[in-house]
Amino acid sequence: MNRLSVGQLSVQPVYQNETATTERTAVLTGWRVLSAPGTAPDVRSGDRIEYDGLTCEVQGEVGRWPDPITGAVHHVEWQMNRSTG
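Residues numbered from 1 in each chain as written. Predicted model: local features only at pLDDT ≥ 70, side-chain atom pairs only at ≥ 80, totals over all residues. Heavy atoms only, no water.

Undergrad: Quick question: what am I supposed to make of the pairing of strand E3 (residues 48–51) here?
TA: Within a regular strand, side chains alternate between the sheet's two faces. Where E3 meets strand E4 (residues 54–66), four bridges bridge the pair, whose relative direction is antiparallel. Bridging from a neighbouring strand, Arg 48 pairs with Glu 57 of E4. What sits between E3 and E4 in their antiparallel hairpin is a turn of two residues, with Asp 52 showing a positive phi close to 55°. (Pairing = 2+ DSSP bridges. Helix = DSSP H or I, 4+ residues; strand = E, 2+ residues; numbered from the N terminus.)

In C-alpha cells:
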C-alpha cells in the first residue's frame with residue numbers, strides 16, 4: 001500500500017446521517033474536498049484517505065478543473081465519506 005501526504009486542502013462537511021436500530025447505531029458522514037489553486041493531488045475514486053484520525057473513502061469521480069488561461073489543472077475536487085456500524 002502506498003501512502004502519500006496531501007496538504008493545502010479545504011475540507012467542508014456535506015452530510016451526516018444516523019440510523020439507529022436496537023442492535024447498533026450507524027453513522028454516515030461526508031465531506032467535500034477542494035485542493036488549493038495550483039495544486040493537483042493524485043487522488044482517485046475509491047482511494048482511502050486518513051482525515052482527522054478517520055479513514056474515509058473517495059466517492060464518485062474526482063474532478064480536475066482546468067485553469068481557464070493556461071489549461072493546466074487549477075484545482076482538484078472530490079467527495080469522501082466515512083461509514084460506521
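That was the structure; now back to the text.
Undergrad: Hey, could you run me through the side chain of Glu 77 in this one?
TA: Topologically, Glu 77 is positioned in strand E5 (residues 73–84). Of the polar contacts made by the side chain of Glu 77, one reaches the side chain of Arg 32; its length is 2.9 Å. Discounting chain neighbours no more than four positions away, the residues touching Glu 77 are Arg 32, Val 33, Leu 34, Glu 61, Val 62, Gly 63 and Trp 65. (Polar contact = N/O pair within 3.5 Å; in protein donor to acceptor, adjacent residues only side chain to side chain. Contact = heavy atoms within 4.5 Å.)

Undergrad: I would appreciate a short explanation of unusual backbone geometry in the present structure.
TA: As a rule of thumb, non-glycine residues mostly have phi less than zero, and peptide bonds are mostly trans rather than cis. We note that Gln 8 has phi near 55°; this positive angle belongs to a residue other than glycine. With respect to the secondary-structure elements, Gln 8 resides in the segment before strand E1 (9–20). Overall, the relative accessible area of 57% leaves Gln 8 in the exposed class. With a phi close to 55°, Asp 52 is a non-glycine residue in the positive phi region. Relative to the elements of secondary structure, Asp 52 occurs in the loop between E3 and E4. (Buried < 20%, exposed > 50% of the residue type's maximum accessible area, 1.4 Å probe, protein only.)

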